[in-house]
Structure formats: structure tokens, C-alpha cells
Amino acid sequence: MSHSDTYSLPRTAFAPESIAEALAQHGACLIEGFPAPAHSEQLRTDLQHLAAEGQLKPAAIGRAGSHQERSDLRGDNTLWLDDPRCSKAAEDYLTQLDTLRSALNRLLFLGLKEVEAHYALYSPGTRYTRHRDRFRDSDTRVVTLVSYLNPEWQADDGGQLRLYRNGGHIDVYPHISTSLCFLSELEHEVLPTHRDRLSIAAWLRR
Ligand code: OGA
Ligand code: MN
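The written sequence of each chain sets the order in which its residues are numbered from 1. Working convention: letters from A go to chains and numbers from 1 go to ligands, in the order in which they are written. Confidence filtering applies because this is a predicted model: local features only for residues at pLDDT of at least 70, side-chain atom pairs given and counted only at 80 or more, and all residues used for totals across whole chains, interfaces and linings. As a convention, hydrogens and water are excluded, and side-chain values are obtained from all of the structure's heavy atoms.

Caption draft 1: Representation of the site of ligand 1 in the model. Close to ligand 1 lie Tyr128, His131, Asp133, Val146, Tyr148, Leu161, His188, Val190, Arg197, Ser199, Ala201 and Trp203, which account for all nearby residues. Here a polar contact is recorded for every N or O atom pair within 3.5 Å, except that within protein the pair must consist of a potential hydrogen donor and a potential acceptor, and residues adjacent in sequence are included only if both atoms are side-chain atoms. Separating an oxygen atom of ligand 1 from a side-chain N or O atom of His188 is a distance of 2.9 Å. For ligand 1, whose free accessible area comes to 290 Å², the fraction covered by protein is 98%. The cavity that encloses ligand 1 is the largest pocket. Only DSSP runs of H or I covering at least 4 residues are called helices, and only runs of E covering at least 2 are called strands; the numbering of each starts at the N terminus. Listing elements by their share of the shell around ligand 1, those giving two or more residues are β7 (128-131), β8 (141-148), β12 (188-190) and β13 (197-205). Broken down by element, the shell around ligand 1 gets its largest block of residues, four residues, from β13. Note on residue classes: Ala, Val, Leu, Ile, Met, Phe, Trp, Tyr, Cys and Pro are nonpolar, Asp, Glu, Lys and Arg are charged, and everything else, Gly too, is polar. Residue classes in the shell around ligand 1 are distributed as seven nonpolar, three polar and two charged. Proximity is defined per residue: if any heavy atom of the residue lies within 4 Å of a molecule or strand, that residue is considered near it. In short, Shrake-Rupley with a 1.4 Å probe defines the accessible areas, and a residue's cover is counted only from the protein chains shown. A pocket, in this scheme, is an open set of points on a 1 Å grid over the protein atoms alone with protein on both sides within 12 Å along at least 5 of 7 lines, while a cavity is a set where a 1.4 Å probe fits but cannot get out; residues line either one if an atom lies within 4 Å of a point. A molecule is said to be in a cavity or pocket once over half of its atoms fall within 2 Å of that pocket's grid points.

So, in C-alpha cells, the structure goes:
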């Protein structure tokens, strides 16, 4: 991770109390060991199979009514985890996020009603330019959680998630069994990747 930020990113386990505290105080945190290593491997295998079978589709930008495919701005291919083509590992992941959702409601009174998540695959040369997360037709996304599924990621593979905060930024490499959680209002981008970059992007919605 490189810091040109005044604060460093808190790191925590998948413990709702520490995640809530980090979100309240810093707007973001790294969750280490989530999903668990064996679960991350299952998710990675599931995503690889789905991609090889051509089940992922190019993602679009903009809200409903102004949806555009602009692969120069956003180059990932995605599939929602609640799709029946996804494995039990995807279902289990959604269950864990729902546990986090209700815990954050209890701890921070966020009124989060729903979890949504998709698999994402960025092929070499693709990126996602600086943006804020928005749901398809509204701005009800409150918390973003991105889980990475890439073993042995090297710094020169690129593909950092750059999170803008406090007038600076923090870069996170997409290492397997690591998740980044942040307030969806924060701007961020995925820098160009030089190898296949696998992840799950999830949102907790009001
Ligand atoms: C997104 C996103 C970040 C990442 O899908 O909106 O910003 O690190 N993903 O994959
Ligand atoms: Mn985003």
C-alpha cells in the first residue's frame, strides 16, 4: 500500500464492531482474512469458470436511462452473485455480508436494507476511472466492500484500487483474502491492470 494520505487505513478482521468504528472515524478500512482463504479460493474458482463459459457481461456506467458501455472508462465484466449460475460459495458470501449489514445497522443506525454484489473481472489493459458508487437508478449505496481474489499479486501488475480521502489518496493492491470497505460517497478508481484481476464488488444499500 502506498500512502500519500494524512491518515493510514485502519486494518481489522471481519469484526463488525471494528469495521463500524473504522467507518465512523476514517470512512474506510481494510478487512484482512475476509473472505477466509479457503472461501476466497472457492469464489475465485467460481468466477474463473463463469468467465471461461462467457457468463460475464461488460459493465455499464451511468444511471438507468443513461446507461452506456464505455470500456475506455470502465473495463470490467460482471455477474451478480444472486444469479443462479453462481455457486454456493457466492450464496455464502452474500449471507456473510447480510450479517455485516444488520450489525452496522445496530451499531451505526445506518438503516441498510439490502446487499448486492457482483463478480468482476478486469482483463489486462482495463481500468475503472475515478468515480463514486451509485446504484443503477438511485444513490442509495451507503457502504462499498470490495473483496479481492488474486494470489501473488505483484506491484508491477498494477490494478491498484486508489481511494481518495482527506485531500490525498491510498492505493490498495488486490491481494486474495483481503477486502476494502469504505463509504460509497468516497471517490475511487481502479488503475490499469496488467493481468487478469478478479474481485467481488458489494454494496450495502439504504
Ligand atoms: C466498482 C469499483 C473497485 C475495485 O466496481 O465500483 O470501484 O477495486 N471496484 O474493484
Ligand atoms: Mn466503485
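Caption draft 2: Seen up close, the sheet that holds strand β11 (residues 178-183). One open sheet accounts for eight strands, arranged β2-β3-β11-β8-β13-β6-β5-β4; its pairing is mixed. Unpaired on one side and paired on the other, β2 (11-12) and β4 (57-58) mark the two borders of the sheet. We treat two strands as partners when DSSP finds at least two bridges between them. Inspection of the sheet shows strand β3 (residues 28-32) paired to β11 by five bridges, in the antiparallel sense. Pairing of Leu30 across the sheet is with Leu180, part of β11. Relative to the sheet, helix α1 (residues 16-26) contacts β2, β3, β8 and β11, its axis offset from that of β3 by approximately 155°. Strands in contact with helix α3 (residues 88-108) are β6 (114-122), β8 and β13; relative to β6, the strand with the most contacts, it is inclined by about 135°. Whether two residues touch is decided by their heavy atoms; if any such pair falls within 4.5 Å, the residues are in contact. Fitting a line to C-alpha atoms yields each axis, with helices limited to the stretch in contact; the angle taken between N-to-C directions then spans 0 to 180 degrees.

Caption draft 3: Representation of the layout of surface pockets within the structure. Here the largest pocket defines a volume of roughly 610 Å³. Lining the largest pocket we find 33 residues, and of these Arg74, His118, Tyr128, Arg141 and Trp203 sit closest to its centre. When contributions to the lining of the largest pocket are tallied by element, the ones reaching two or more residues are β5 (76-80), β6, β7, β8, β12 and β13. Classifying every residue of the lining of the largest pocket gives 16 nonpolar, eight polar and nine charged. Grid points are joined across faces, edges and corners, and a volume is the space filled by probe spheres set on the points.

Caption draft 4: Region of the structure containing the packing of aromatic side chains. We call Phe, Tyr and Trp rings a pair once their centres come within 6.5 Å, taking the six-membered ring for Trp, and we label the pair stacked below 30 degrees between planes, edge-to-face above 60, and tilted otherwise. Applying the stated rule across the entire model yields three aromatic pairs. Between the aromatic rings of Phe14 and Phe34, the centroid separation amounts to 4.1 Å while the plane-to-plane angle is 15°, which identifies the pairing as stacked. You can see Phe14 sitting in the loop between β2 and α1 and its partner Phe34 sitting in the loop between β3 and α2 (37-52), a full 20 residues away along the chain. For a lysine, the NZ atom is tested; for an arginine, the CZ atom; a charge sits over a ring if that atom is within 6 Å of the ring centre and within 35 degrees of the ring normal. The ring of Trp203 is capped by Arg141, whose NZ or CZ atom sits 3.5 Å from the centre of that ring. The lysine or arginine in question, Arg197, covers the ring of Tyr122, its NZ or CZ lying 5.2 Å from the ring centre.

Caption draft 5: Quick look at the side chain of Thr12. You can see Thr12 is positioned in strand β2. Within polar-contact distance, the side chain of Thr12 engages the side chain of Ser18 at 3.4 Å. When neighbours within four sequence positions are excluded, Thr12 is seen to be in contact with Ser18, Ile19, Cys29, Leu30, Ile31 and Glu32.

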